[in-house]
Structure formats: C-alpha cells, structure tokens
Amino acid sequence: MRRHLKRFCLQSSNAIRNLLLVVVLLFLSLSGCGLKKPGEGKETATTTLLPVQGFMNRLAGDAVEVGVMVPQGANPATYSPTPGQIRQMSGAQLYVKVGYVGFEQAWMDRLVELNPQMKVVDLSDGSALIRGEESVHGDHVHEGGVDPHIWMSPREVLRFLPALKAAMVSSWPSLSDSINARYVELVSEVQQRDETLQNLCRELTSRKFMIFHPALTYLARDYGLEQLSMEYEGKEPSPQALKNLIDEARAENIKLLFIQEEFDKRNAQLVSEETGAHLEVINPLSYDWFGNMDHITALFEQYLR
C-alpha cells in the first residue's frame with residue numbers, strides 16, 4: 001500500500017508540474033508578459049546541455065548570456081524546464097540543440113512555438129550519426145536508434161564548431177571580430193585533444209573498454225577503440241547478463257570500466273571486483289569539456305597502453 005501511495009504521489013506531482021508549465025507557456029504566449037525582445041539588454045542564447053554552454057561561453061565571452069535547459073545532475077531524458085527557464089528562454093535569440101537528446105525530442109516544438117523568432121541550430125546536422133535499434137537508453141531517448149553523444153568526441157566537436165560559430169556570428173554581427181578571434185583559440189585547443197588521442201591510440205596495446213551507459217560511442221569510433229556496454233535497452237543487467245558481462249570482461253582482458261556518476265554503481269563495482277578492471281566515475285554532461293577529455297585520455301594511457 002505504501003509503495004502504491006508513493007508512486008501515486010510521484011505521478012500526481014509530475015502531472016501538477018507539467019500542468020503548471022502548460023499554464024506558464026499559455027500565459028506567456030498570449031500576453032507576451034516577461035518576454036525580452038531581441039536587442040533589449042544583454043544578448044541571450046540557450047542550449048540544452050552544459051558542455052555546449054561551455055563552448056558558447058568560450059566564443060561569446062561576457063557579451064552573451066547563455067542559459068542551459070538541463071542543469072547539472074538532471075536527467076536529460078525526463079527533465080522538464082522550470083517556469084524561470086521558460087521565461088529566460090522566451091527572450092533568447094538563438095537556441096543550440098544537440099540533436100537527439102530526450103529533452104529536445106519532448107520540448108523543442110513547444111519552445112519554438114513560444115519564441116518563433118528564435119533561431120535554432122542543430123549540431124548533429126552533417127554528422128555521420130551512429131544508429132542502432134529503436135530503444136530508450138538510460139538518461140537519453142534514442143529516437144530511431146540515434147546515439148546523441150556527439151559532443152564526447154573531439155573529432156565531432158571539430159566538425160560542429162564551424163556551424164556553432166556561424167550561428168553566433170549571424171545572431172550578433174557586432175560581435176563577429178571577438179567571436180572569430182576566440183574561435184581560433186577554441187579550435188586550437190580542441191585540435192590538441194584530437195591529436196593527443198590520435199597519437200595515443202596508435203600505441204595502445206588494448207583497444208577495448210567497458211562502460212555502463214554507452215556515452216563514448218563516437219569517441220570509440222573516431223579513434224579506433226571498442227566500447228562494450230553493460231546496459232541493455234536502458235536497463236540494469238539481469239543476473240545472467242551480469243555473469244555474461246563478467247565472463248566477457250575476463251575473456252577480453254578488460255582493464256578499464258567507466259560508469260557515469262548518476263547511475264547505481266553496485267553492478268559496475270561487482271564487475272570490477274570480479275575482473276580486476278579499474279572502475280572510474282565520469283560525467284559526460286560536465287561543463288568542463290576539456291577537463292573531461294584530458295581525464296578520459298589519461299585513463300586510456302594508464303590502463304590501455
């Protein structure tokens with residue numbers, strides 16, 4: 001009874017929150033109250049994830065206020081924006097989306113309806129997307145089986161940075177000189193990570209690693225590595241699947257195992273204990289993209305070389 005009551009309360013709470021958001025959206029769209037028109041005050045932009053916010057801040061400096069819709073620690077598949085975020089986004093001149101993140105699939109149409117003058121740029125345009133069977137994966141909805149984690153590969157970042165720069169220059173022509181200058185520095189720093197990974201991966205004696213949720217798919221593809229996922233269709237492995245994972249890790253001599261900080265670590269710890277693989281917690285949604293890449297690269301060098 002207590003479990004059913006708790007579930008009912010949770011569902012009711014979510015329903016009430018969604019209803020309130022609908023009311024806020026309707027009020028703002030009908031009245032225009034609180035909308036900041038382009039050119040009023042500080043320039044504003046919005047993006048979905050913190051790593052992309054970091055790139056945009058590097059390009060714009062203090063001249064543009066860049067908001068993020070999915071905050072630190074939130075689930076990008078199930079997160080609903082707060083009224084404050086909706087109000088902030090309603091005045092944005094530019095929205096930068098990743099492409100296939102669950103939040104975008106659920107909310108993007110409504111956000112555009114609220115702010116039809118807002119320019120939307122999709123960073124996945126032009127990417128050689130990795131597709132699989134249609135499924136729901138943990139913290140992301142993979143519509144049509146598309147893996148959304150393009151920002152986790154330096155090579156993919158180098159591919160989408162020109163489009164990001166062009167969108168920002170188009171939105172704020174008066175900032176073009178400063179954006180272009182910062183762009184050169186940003187690209188140079190990403191290229192350093194790309195070159196470091198390329199050189200390192202040529203020398204690795206082991207090219208396979210295991211990860212709970214497959215967030216390094218593009219990185220593995222672009223640098224000749226193989227990612228083995230513990231997760232199946234977004235779910236924790238069953239006891240039999242866990243045994244199979246342990247057997248596979250032993251057979252493949254897996255030395256490095258990743259798990260994202262938002263997931264339950266017990267199964268990953270068991271695999272680590274049974275196989276001797278080093279277990280490392282990472283955060284693919286971190287604002288500090290460069291620190292993230294340096295950390296992962298150092299782990300490859302330590303455990304796969």
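All values reported here derive from a predicted model rather than from experimental measurement.

Basis of the calculations
Residues numbered from 1 in each chain as written. Predicted model: local features only at pLDDT ≥ 70, side-chain atom pairs only at ≥ 80, totals over all residues. Heavy atoms only, no water. Axes fitted to C-alpha atoms, helices over the stretch in contact; angles between N-to-C directions. Helix = DSSP H or I, 4+ residues; strand = E, 2+ residues; numbered from the N terminus. Parallel < 35°, antiparallel > 145°, perpendicular 65-115°, else oblique. Left-handed = near helix turned anticlockwise from the far one by under 90°. Contact = heavy atoms within 4.5 Å. Nonpolar A, V, L, I, M, F, W, Y, C, P; charged D, E, K, R; others polar. Phe/Tyr/Trp six-rings, centres within 6.5 Å; stacked < 30°, edge-to-face > 60°. Buried < 20%, exposed > 50% of the residue type's maximum accessible area, 1.4 Å probe, protein only. Lys NZ or Arg CZ within 6 Å of the ring centre and 35° of its normal. Pairing = 2+ DSSP bridges. Core = buried A, V, L, I, M, F, W, Y, C linked by side-chain atoms within 4.5 Å. pLDDT = per-residue confidence, 0-100.

Visitor: Before we go on, may I ask you to explain the packing of helix H8 (residues 239-251) against helix H9 (residues 266-275) in this structure?
Guide: Two quantities define a packed helix pair, namely the angle between the helix axes and the distance between the axes. Running from N to C, H8 and H9 cross one another at 40°; their axes reach a closest spacing of 10 Å. Considering the angle they form, H8 stands oblique to H9. In the crossing of H8 with H9, the sense of the turn from one axis to the other is right-handed. Taking contact as the criterion, the partners of Leu242, Ile246, Ala249 and Arg250 in H8 are, on H9, Asn267, Leu270, Val271, Glu274 and Thr275. Grouping the constituent residues of the contact of H8 with H9 by class yields 5 nonpolar, 2 polar and 2 charged.

Visitor: Can you help me understand the packing of aromatic side chains in this one?
Guide: Where two aromatic rings form a pair, the distance of their centres and the angle of their planes describe that pair. Summed over all chains, the structure comprises 9 aromatic pairs. Where phenylalanine 209 meets phenylalanine 300, the ring centres are 5.5 Å apart and the plane angle is 45°; that geometry is what we call tilted. Here phenylalanine 300 lies in helix H10 (residues 289-304) and phenylalanine 209 lies in strand E7 (residues 208-211), a separation of 91 residues in the sequence. In this structure phenylalanine 209 comes out as buried when scored by relative accessible area, which is 0%. When its relative accessible area of 0% is taken as the criterion, phenylalanine 300 is described as buried. Ring centres of tryptophan 289 and phenylalanine 290 lie 5.0 Å apart, and the angle between their planes is 90°; this geometry places the pair in the edge-to-face category. Here tryptophan 289 and phenylalanine 290 have matching classes, each one buried. Here the aromatic cluster, defined as three or more aromatic residues joined through ring pairs, consists of Phe55, Phe160, Trp289 and Phe290. Over the ring of tryptophan 107 we find arginine 110; its NZ or CZ atom is 4.1 Å from the centre of that ring. Above the face of the tyrosine 183 ring, lysine 165 is positioned so that its terminal group lies 4.6 Å from the ring centre.

Visitor: Before we go on, may I ask you to explain the sheet that holds strand E1 (residues 43-47) in this structure?
Guide: In sheet architecture, strand pairing relies on hydrogen bonds along the backbone and comes in two forms, parallel and antiparallel. Strand order in the open sheet made by the 4 strands is E2-E1-E3-E4, with parallel pairing throughout. Edge positions in the sheet fall to strand E2 (64-68) and strand E4 (119-122), since each of these pairs with one other strand and no more. Going from strand to strand, the sheet's axes swing by 20° on average, the running direction of each strand aside. Strand direction decides the pairing type here: E1 and E2, joined by 5 bridges, are parallel. Paired with alanine 45 across the strands is valine 66, a residue of E2. In the packing of helix H2 (residues 50-60) onto the sheet, contacts are made with E1, E2 and strand E3 (94-97), and the angle to E2 comes to roughly 180°.

Visitor: Would you mind going over the nonpolar core with me for this structure?
Guide: Among soluble globular proteins, nonpolar side chains are generally buried collectively. Leu161, Phe258 and Phe300 are the most contacted members of the largest nonpolar core, which totals 72 residues. Sorting elements by how many residues they give to this core places helix H6 (residues 176-203) first, with 8 residues. Those residues within four positions of phenylalanine 300 in sequence are excluded, and the remaining contacts are Leu197, Leu200, Leu204, Phe209, Leu219, Leu225, Leu256, Phe258 and Arg305. Ala249, Leu257, Ile259 and Ala268 belong to the second-largest nonpolar core, a separate cluster that totals 15 residues.

Visitor: What is the right way to look at the sheet that holds strand E8 (residues 226-229) in this model?
Guide: Here 4 strands make up an open sheet; going across it, the order is E8-E7-E9-E10 and the pairing parallel. Because the sheet does not close on itself, it has two edges, and the strands there are E8 and strand E10 (278-282). Pairwise comparison of adjacent strand axes, ignoring direction, gives a mean angle of 30° for this sheet.

Visitor: Mind showing me how you'd approach the confidence of the model for the chain here?
Guide: The predicted coordinates of low-pLDDT regions are not to be read in fine detail. Per-residue pLDDT for the chain has a mean of 87; in total, 83% of the residues score no lower than 70. Between residues 1-13, whose pLDDT stays under 50, and residues either more than four places distant or in other chains, the model counts 0 contacts. Scored below 50 in pLDDT, residues 23-39 shows 23 contacts in the model against residues more than four places distant or in partner chains.

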